[in-house]
Each structure stands twice: as structure tokens, then as C-alpha cells.
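# A closer look at the structure
As a plain string of letters, each chain reads:
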Amino acid sequence: MSGPASSSPPAVSVHGLERAFKGGIKAVDGLDLEVREGEVYGFLGPNGAGKTTTVRILVTLLKPTAGEARVAGFDVVSQADAVRRNIGVALQEAAIDPLMTGRELLRMQGALHGMKGAQARSRAEELLDRVGLTDAGGRRVGQYSGGMRRRLDLAMALVHRPKVLFLDEPTTGLDPTSRSALWREVRSLNDDGTTVFLTTQYLEEAEQLADRVGIIAGGSLVAEGTPAELKAHVGEPTLHVDLAPESDVAAARVALSAVGPLVDCQDDARVAIRAARGKATVPLAIRALDEAGIAVESVEVESPTLDDVFAAVTGSTLEGATQGASADQAEVPA
Amino acid sequence: MIAGVARESRVVTALGRRALSVQFRRAQLLMPTFVLPLMLLAVIASGTSAGRDLRDFPEVSSYLGFVVAGTLLQGALLSGLTSGMALANDIEGGFFDRLLAAPVRRSSLVFGRLAGTLGLAVLQMAWFLLVALLFGASYPGGVLGALGAAALAVITAVGIGGLAIAIAIRTGSMSLMQSIFPFVFVLLFTAPAFFPRDLLTPTLRDLSAYNPLTYVVEGARGLLQGDASLGDPWIGLAAAVGLAAFATALAVLALRDRARRT
Amino acid sequence: MSTSTDSPAGRSGSRSGGTNSPAGGVAWAFWLRSLNEVTRVRGALIGTSIAPLVFLLGTSGQFGRLVGLPGFPTDSYLSWIIPLCCLQGAGFAGAAAGANLARDIEQGWFDRLLVAPVARPLLVLGPVLGAITRSMVPVTLVLIVGVLIGGEVTGGVLGIVALYVASAGFCTVAAMWAIAIAVHFRTQQAGPLMQMSVFLGVFLSTAYTPQPLLKGWLEDVARVNPVSHILELARQSTVSGIDLSLAHTWPGLVALAALVAVFGALAMIGLRRMGR
């Protein structure tokens, strides 16, 4: 969604943030980033890149060793109380007391945020309904499935209507159905104006949900922008042509080079070119091959994915990145 | 036949060694086996030492040397129980199923675990006797007496281990094993562990006659003090061996049942 | 569905500030939750209740003849150790609060509490209140069983009050100590350390015999151990030789206040260090 008036302070602003641990290892090293109010910010990074450390600093669980971070306009160190009042947090590996029921947990969360009994009770019912747990609300959380736990976790983070919602890998380990249910909920929250700071290891999740994406590696931000911007930065789409058996590959390369610059291709029966105009390149390529008398078996256009962006800026791939990405990424120039 | 025995004994040794090393890698298991009995020894030996002034208290060279027999007994109870706890942990974690799937005799699994208990108990008893010695205990029964007392306690540890293993195999529950922890003290306190049998309250004195550990602790005391009037070592040995044989049989039966069920 | 109420526009301005949630409601919520540890865990009370009971029966059976020694203020050893076993039960209930907190820290639940706008002392007070409540079970059980098998209530109602004050106070001390350890080590592996110190604290005192009958090093340790004073406070309930009086009361209360102050401060310092 588009950000509201530019006059309001950013939901999250981070300047020169550093966090060194014992032994001098810097998990976060000079991080700068800004999340505008009302946007969904996807925070990506390989394991050990400093993602979790950053989130823990932003939610006041960890103090930075240098730099500054403000959330909802408040300093995470000197105004920690105010930050806590304005954020909702659903941390990875949702730690929920298994002995309590979903309803009790929501009421307790309400009490922690200063709600009176009746208010906390009605808010709990409202949220159970919202995340589809009304029937399960009286059951102990120990008996919940993974998806139900995550939904409850999300509901607990929403009890006090936070301005900024931190979701740390909210769908890791969930089945596809539970995952899309959670995505729908995050979108609907964002439509209501809640800023969402989302860390994920699924690029598809970032593509689906995030207005902007920041990629962290080695403790600092190495790329940032909308998914489309980032992908454009990596390169243009590629057109792959699979030739019919016994076709003249050399002739096909000559014919196609008139349509777009050739791209290296390992497969002998295949030719690839850059396709700056995307799918519109397809008829041009087929006509050129037809005129040269070359038989074609199939044609496809492949756009760069966030995984390509990720590989380009970090030199590594993410776990689970193959989800939703097409099979032969090796041919996409990085 | 001989090859089979050799193979099973290798299995027992390997399982025993593993049981022992796990024991040393988990602080929660070390604390009850090596520290807790000494703490109890310290508070009882110092807190009740005025008891020596009681008229009927037997003549002993050191109160600490008298009370330490109870510590050996407590050590035996705790090392036996932790064997059961470790086994329940293996069952909950799935490791035990892997062992059950291995081509070894069922009884070897029990003997392997008990071998670990035995090794642990040997270390424990040496440790207790040594620490008590450093803190002023005397053993008029000499080295042989101390070795004999330690042996009684080690055999008892195997017996208690057998009982705990039988329970662990039948329930497979770590939390249940932990909750029977207080009953270790029931067995301990219903024997004349720290005071002479004649000085116990009458009810407890009558009750203690039915607790096999009574004869073990009295036998150990007789050996440590070199004074058979404090307890007959042979009766103690009979009680310890009887308990160990009975408990091992129970554990093997429990394992057979479990293997049949699964 | 009520998504419209989730609009940020619906948030009142006053809630954006830095004030913490009201302490009463938060403490109540923590207290309710802590009760689950006993009401919803099967067999949870066995450990904390049976152990002091076994100790009561075992110790009185083993050492009952000690009252025959000159210098013992009562002729009932059972009456002498009922308060001891009450303190023991209360102390272990307190230590359990630390063990539970260490578990909450390990599993990540405590993070959820840390990010709530709750005054930090409440994060310590909650588990302490829960521990005090839970400690009432073993204390009451020991008292009832002790009296049923022959212990005497010599101090009347006020004596019983002194026993409960001493027990609740000692539970608070033990809980704060255990919480200080929990926030420092942040692992359940520290559990034995919490229990061990409570055990030593209780028993390296005038636990088994009165001060004049103690010998050797324990004589000195018990003299400086504040738990001896707390025991004296509690023993006004059942020990005929320790009559109800201010002289037997105030040293125990002072000891409790001092220990709560010291361990409470340690726990708070540890808590503040958690984010560093």
C-alpha cells in the first residue's frame, strides 16, 4: 500500500546501528534503514547475517553497542517503555505457555498492556474470532497445531492494537494452507494501517507481502528497494528457446542475436537471449527462427526472482528459496 | 556359544560406558549422585553429633565415620534412580527404540544399563569415603573394611537401579521418574541410615526390620567400624545380592513385556 | 470480525506515551498464570509436598531421641522439626519459581513478557507471589500431618501466624535468590544450584538441635546464619520452650527483610543486565 502523509515520523529508523558480542564479533555492523509508516518491510538475510539481532534490538530485548534506533518515534534504549507500548511482537519459534488456553493467554496479554478485565475479555474474543480460533480458545495451547499456534501468536501481538508489528519468520515450518491463511491476515492488518516489519527466509513470502525489501548480510544492509526495483537491478528477463532435435544450433544463434544479445547457455539444444521487453520478445524470436527455417520445440521467458537478487548481493542462497522460483536459475546472469 | 557370549559382553560394555559418560555430561544427573549425599552427610553429621552423648549410643571412633554408612546407602539409592531417569530419557527421546531394533539380546540392554550403574556407584562410593576421610572420619575396619562396605553399597546400587529401570521401562516417563525422587528418602529413612536401630523411635524401629536396606547399612557400618556388633556383613551381603537379583529379574521381565507390546 | 477497530486511527493518543501498565492488573495476571504450574501439571505437588513430609517423618523417626539431651527446649522432637520442614517446603517452592523462570527464559516465553510495557520489578514479583501461594500447600500439609501424629501447637493462633509469616518470608527469599540465578545463567541447568543453596541455607542452622548442642564448625555457621533466626520465629508455633515474644520475633523479621532486600536487588540487577 502507499505510505500515508510524509510528515509523520518513520515507523522504524535505524542509523549506524552496531551490536558487538563478547569476543568482538559484530552481529550488526553499521546498519541503516528506514521503514515508513503503513508499509510492509521484508527483512531478508542468510542465517547469521544479523537479522534476529536487529529485531531483538528493535523490540527492546537487546541493547545496541553503538548507533541509534527509533521505533514509532521512540528511542529503543532511552524510551523502551514507550516503544513496548507501541509494538506487537511475534517472535520466531512462538514461545507460548503450553499450560494456558488460547483465551487465557490473550486475556493475560491484555492485562500486560494495561487493559481492565472486561476490556481484555472482549478483546480476546474479538481476536480469537479474527484468527479463527474461537472454538479452540478454551483448549490448552499444548494441544494446538503449529499453524494454530502461529495464529494465536499473531493475535497476542495484536491485543493492544500496535502501530508497528514485528513478525520474525512467521510461517517457518507451516504447511502451505496455514501459510497463505497467515499471509491473508498480515495483508488485512496492513490494509488497516499497521506497519509490519517482517523477517523471513522465504523469498516468496517477501514477494507476496512486502512493499519494500531490505537484504542484510554481514551485519549491514546490502540491498534495499521494492521487489520490482531489486529484480530490475539484477537484470532483464531471459528468453529460452528449446530447439527441435537435429536443428542447426549455430544458425539459431545467428537468427536470435538479431532479436537480443545472446546469453551463455550450457545446453546444446538450447539458445538464450536477453529479453528487455519480456513476453513481447516471444513473437519476434519465433518469427526470426521461422524465417531462418529452424524448428522450435518450446519457448519460455524467465524473469529474475528475489532469489537471484539475493544471490547477487550476498553470494549465497536462502534456505527454502526454491519455493516459487523456477528451476534453471543458473542461466540468469547475476 | 562362546562367540555369542563375547559379543553380548561387548554390547554390555559399550552400553555401560555410554551410560556412564552421559551421566558425567549432564549436570542435573551429577548433582544428585555426587553432591547431594555429601551435603546431607555434612548437615546430619554436624547437626546431630550431639547424639553421641546419648546413653545408648554405641562406642565409635568418629561420628562422621558412623554416619557415612548412611551416605553410601543414599548414594546407592540415587545412582540407581538416576539410571532409571536416564533410561526414561532415552525412551522419550527415541534412542531406546534404536537399541531395541539392534540385533542384541534384550537382557543385554538391561545388563548394559546396570553396568553403567555399577561403574557410577564404584566412583561414588570411593568419592564419599575419601571426602569423609578428609573431613575427619576414621575407619577402624581398615582398607578391607572400607572396600567391603563400598562393595555392599555398589551391589545395592545395582539392585535399586534394577527397580528404577523396571519402572522406567514400564512407564517410559521422565517426569514420573522424577516424581518418585522423594521415595528414595522414604527407603533411606525407614532404615537406620544415620542412627543406630535401637535409638530409632519404636514405630520406625519395627518398620525398619522389613527394609532390606537396614541390613545393608548395618553391615556396611560393621565393616567400616570393624565391629560386627554394629551389623553383620554377611547378612548385609545377602540382603544386597538378593535385592539385586530380584530387581534385575523384574527389569528383564519388564523389557520382555515392552518388546512384546511394540 | 472487527477489523475496523484495529485501525491506528482508533488508538487513543494517551496510549502512545511511555507509562507502564497498572501494576495491580499485571501482578494479578502473573499470579493467575503461576498457579497453573500446580493446578495443571499432573503430580507437580508431589515433589514439593511429599519431600518435606518424608523429611518430617524420617527425621523425627531417626533422631527423635535427641530431645533426651540436656539443653533441648522441648520433649517432642516432632514439634521441634515441624517448623523446619515447613521452611524447607516453602524454600523449595521458592527455588522452583527460579527453575520455572529459567525454563521460561530458555523457551522464549520470557521474551514475550520483556517486550510488554510492564514495570520490570513486576517480572520478579509475579513469580514470587506465585511461589508464596504454592508454598502454602507443603507448609499446611506438614503442619496438619505433624499435629496429627503428635506435634503440639504451643503458640496458639499467633504462633501459627508466626509460622506462616516465616514460611512465606523464607519462600520469598528463596524465590528471589533463585530468580537472580535464573536471570544470570538463563538455563535450567542452574536448577540444582538454586535448590542446593536453599538446602544448605535451611540445614546449616539450628535445624536439628538448638544452638547450645551444636558442635564444631556448624556451631559458628549456625550462629551467623540468618535462617536460624527465621526458624526461631517459626518455632514459636510448636516448640514449648520458645514462647511467643518479641524477642523471638524481631530477629527473624529483620533477617527476612535483609535477605529480601539483598536477593531482591540481585534479581533486579540481573534482570536489567539481560539486554546487555
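Every chain begins its residue count from 1, and numbering advances along the sequence as written. Going through the entries in the order they are written, you letter the chains from A and number the ligands from 1. Predicted model: local features are reported for residues with pLDDT of at least 70 only, side-chain atom pairs are reported and counted for 80 or more only, and whole-chain, interface and lining totals are derived from all residues.

The next subject is the overall build of chain A. A tally of helices and strands in chain A yields eleven helices and 14 strands. For chain A, the C-alpha atoms occupy an extent of roughly 80 × 45 × 40 Å along the three principal directions. Relative to its full complement of 334 residues, chain A shows a buried share of 50%. In this description, any two residues whose backbone-derived C-beta atoms lie within 7 Å of each other are considered to be in contact. Counting only contacts in chain A whose residues sit at least 6 apart along the sequence, the fraction spanning at least 24 positions is 68%. The numbering of helices and of strands both runs from the N terminus, where a helix is a DSSP run of H or I of at least 4 residues and a strand a run of E of at least 2. Here the C-beta atoms are placed from the backbone, and a residue counts as buried if at least 20 other C-beta atoms lie within 10 Å of its own, exposed if 12 or fewer do, and partly exposed otherwise.

With that settled, the discussion passes to the overall build of chain C. Of regular secondary structure, chain C possesses ten helices and zero strands. Taken along its principal axes, the extent of the C-alpha atoms in chain C is 80 × 35 × 35 Å. Here chain C, with 276 residues, has 53% of them falling under the buried criterion.

Chain C puts 35 residues into the contact, and the matching count from chain A is 34 residues. Residue assignment for the side of chain C that touches chain A shows that the elements contributing at least two residues are α1 (23-39) and α4 (109-114) of chain C. No other element matches α1 of chain C, which puts six residues into the side of chain C that touches chain A. Residues are grouped as follows: Ala, Val, Leu, Ile, Met, Phe, Trp, Tyr, Cys and Pro are nonpolar; Asp, Glu, Lys and Arg are charged; all remaining types, including Gly, are polar. Grouping the constituent residues of the side of chain C that touches chain A by class yields 13 nonpolar, 14 polar and eight charged.

Moving on, we get to the sheet that holds strand β1 (residues 12-20) of chain A. Residues and elements named next belong to chain A. The rule for pairing is simple: two strands pair if DSSP sees at least two bridges between them. Pairing is antiparallel in the open sheet, where four strands are placed in the order β2-β1-β4-β5. A single partner strand is all that each edge strand has here, and the edge strands are β2 (26-35) and β5 (74-75). Here β1 runs beside strand β4 (residues 66-71); their pairing, made up of five bridges, is antiparallel. Its bridge partner lying in β4, Ser13 is registered against Arg70.

Residue and element names in this part refer to chain C. pLDDT expresses, on a scale from 0 to 100, how confident the predictor is about each individual residue. Summary statistics for chain C give a mean pLDDT of 88 and a share of 92% for residues scoring 70 or more. Per-residue pLDDT, averaged within each element of chain C, yields its smallest value for α1 (84) and its largest for helix α9 (residues 226-235) (97). Predicted confidence is poor over residues 1-16, with pLDDT under 50, and the contacts of this stretch with residues over four places away or in other chains come to 20 contacts. Under the prediction, the complex receives an ipTM of 0.83, its pTM being 0.82.

Residues and elements named next belong to chain A. Here seven bridges tie β1 to β2, and the two strands are oriented antiparallel to one another. Bridge pairing in β2 links Val14 to Leu33. Between the antiparallel neighbours β1 and β2 lie five residues, among them Gly23 with a positive phi of about 90°.

The term nonpolar core means buried Ala, Val, Leu, Ile, Met, Phe, Trp, Tyr and Cys residues held together as one set by C-beta atoms within 7 Å. Leu72, Leu73 and Ala153 of chain B together with Ala178 and Ile179 of chain C are the most contacted members of the largest nonpolar core, which has 258 residues in total. Ranked by residue count, the leading element in this core is helix α3 (residues 77-107) of chain C, at 19 residues. Here this core gathers at least three residues from each of two domains, domain 1 (1-44) and domain 2 (49-274) of chain C. Leaving out residues up to four positions away in the same chain, Leu72 of chain B has contacts with Met125, Phe128, Ala149, Ala150, Ala153 and Ala220 of chain B. Judged by nonpolar contacts, the second largest core, of 14 residues, contains Ala252, Leu256, Val271 and Ala275 of chain A. Domain segmentation is taken from an automatic or database assignment of domains.

Listed as interface residues are 34 residues of chain C and, on the opposing side, 27 residues of chain B. The set of elements that each furnish at least two residues to the side of chain C that touches chain B consists of α2 (44-63), α7 (191-203) and α8 (217-224) of chain C. Sorting elements by how many residues they give to the side of chain C that touches chain B places α2 of chain C first, with twelve residues. Along the lines of polarity and charge, the residues of the side of chain C that touches chain B split into 20 nonpolar, twelve polar and two charged.

Once that is clear, we can look at the sheet that holds strand β11 (residues 238-243) of chain A. Residues and elements named next belong to chain A. With antiparallel pairing, the four strands of this open sheet are ordered in space as β12-β13-β11-β14. In the strand order of this sheet, the two ends are held by β12 (262-263) and β14 (296-302), each with one partner. The sheet contact formed by β11 and β14 spans six bridges and is antiparallel. If you follow Leu239 over to β14, its bridge partner there is Val301. Throughout, an axis means a line fitted to C-alpha atoms (over the contacting stretch in the case of helices), and angles, computed between N-to-C directions, take values from 0 to 180 degrees. Running over the sheet, helix α9 (residues 249-257) touches β11, β12 and β13 (270-274) and is turned about 15° from β13.

Turning to the environment of Gly116 of chain B, a few remarks are in order. Residue and element names in this part refer to chain B. Mapped onto the fold, Gly116 is located in helix α5 (residues 106-134). Residue Gly116 is classed as buried on the basis of its C-beta count, with 26 C-beta atoms lying within 10 Å. C-alpha separation for the pair Gly116 and Phe194, spaced 78 residues apart in sequence, amounts to 27 Å.

When the two pairs of chains in contact are compared, the highest contact count belongs to chains A and C. Separated throughout, chain A and chain B approach each other most closely at a C-alpha pair spaced 16 Å apart.

Residue and element names in this part refer to chain A. In this structure, β4 lies alongside β5, joined through two bridges in antiparallel fashion. Paired with Val71 across the strands is Phe74, a residue of β5. What sits between the antiparallel neighbours β4 and β5 is a turn of two residues, in which Ala72 has the positive phi angle 55°.

A separate point is the packing of α5 of chain B against helix α11 (residues 233-261) of chain B. Residues and elements named next belong to chain B. Between α5 and α11, whose axes approach to 9 Å, the crossing angle comes to 135°. Comparing the axis directions of α5 and α11 gives the class oblique. Considering the relative orientation of α5 and α11, their crossing is right-handed. Residue-level contacts link Arg106, Ser107, Leu109, Val110 and Leu114 of α5 to Thr248, Ala251, Val252, Leu255, Arg256 and Ala259 of α11. Comment on the angle field: the value is read as roughly parallel under 35 degrees, roughly antiparallel over 145, roughly perpendicular from 65 to 115, and oblique elsewhere. Handedness of a helix crossing follows the sense of rotation of the near helix relative to the far helix, less than a right angle counterclockwise being left-handed and clockwise being right-handed.

The next thing to look at is the domain arrangement of chain C. For an interface, size is often stated in terms of accessible area lost upon the parts coming together. All names here are of chain C. As assigned here, chain C comprises domain 1 (1-44) and domain 2 (49-274). When each unit is reduced to the centre of its C-alpha atoms, the spacing between domain 1 and domain 2 is 31 Å. Opposite the eleven residues of domain 1 that make contact, domain 2 presents twelve residues. For the side of domain 1 that touches domain 2, the class distribution of residues is seven nonpolar, three polar and one charged.

On to helix α3 (residues 102-112) of chain A. Most of α3 of chain A sits out of view: eleven of its eleven residues are buried. Those residues of α3 of chain A that fall on the buried side of the exposure criterion are Gly102, Arg103, Glu104, Leu105, Leu106, Arg107, Met108, Gln109, Gly110, Ala111 and Leu112 of chain A. Structurally, α3 of chain A contributes buried residues whose contacts are with α4 (117-130) and α5 (146-158) of chain A together with α1 of chain C. Gly114 of chain A sits one or two residues past α3 of chain A and shows a positive phi near 80°.

A few words now on the packing of helix α3 (residues 63-93) of chain B against α5 of chain B. All names here are of chain B. Look at α3 against α5: their axes get within 9 Å of each other, and the N-to-C directions meet at 155°. By the angle between their axes, α3 is roughly antiparallel relative to α5. Considering the relative orientation of α3 and α5, their crossing is right-handed. Only Arg113, Gly116, Thr117, Leu120, Ala121, Gln124, Met125, Phe128, Leu129 and Ala132 of α5 make contact with α3, whose side of the interface consists of Leu64, Val68, Thr71, Leu72, Gly75, Ala76, Ser79, Gly80, Ser83 and Leu87. Along the lines of polarity and charge, the residues of the contact of α3 with α5 split into eleven nonpolar, eight polar and one charged.

Once that is clear, we can look at the confidence of the model for chain A. Residue and element names in this part refer to chain A. Averaged over all residues, the pLDDT of chain A is 85; the fraction at 70 or higher stands at 92%. Per-element confidence in chain A is highest for β5, whose mean pLDDT is 96, and lowest for helix α11 (residues 306-314), whose mean pLDDT is 78. Within the model, pLDDT remains below 50 along residues 1-5, and this stretch shows ten contacts once partners closer than five positions in the same chain are excluded. Here residues 320-334 scores under 50 on pLDDT; set against residues more than four positions off or in separate chains, the count is 28 contacts.

The next point concerns the environment of Arg151 of chain A. Residue and element names in this part refer to chain A. Topologically, Arg151 is positioned in helix α5. For the pair formed by Arg151 and Val301, sequence separation is 150 residues and the distance between their alpha carbons is 37 Å. If near-sequence neighbours (up to four positions away) are discounted, Arg151 is found in contact with Val131, Gly132, Leu133 and Leu182.

With that settled, the discussion passes to α4 of chain A. One turn of the α-helix equals 3.6 residues, which is why residues spaced by three or four share an orientation. All names here are of chain A. If you check α4, its first and last C-alpha atoms are 20 Å apart, about what 14 residues at 1.5 Å a residue would give, namely 20 Å. Along α4, the positions that sit buried rather than exposed are Ala120, Arg123, Ala124, Leu127, Leu128 and Arg130. Relative to the axis of α4, the buried residues are bounded by an arc of 155° and lie together on one face. Where α4 is buried, its residues touch α3 and α5. Positioned one or two residues after α4, Gly132 has a phi angle of 70°, which is positive. Expected span of a helix, by definition, is 1.5 Å for each gap between consecutive residues, and there is one gap fewer than residues. Comment: arc refers to directions from the helix axis out to C-beta atoms.

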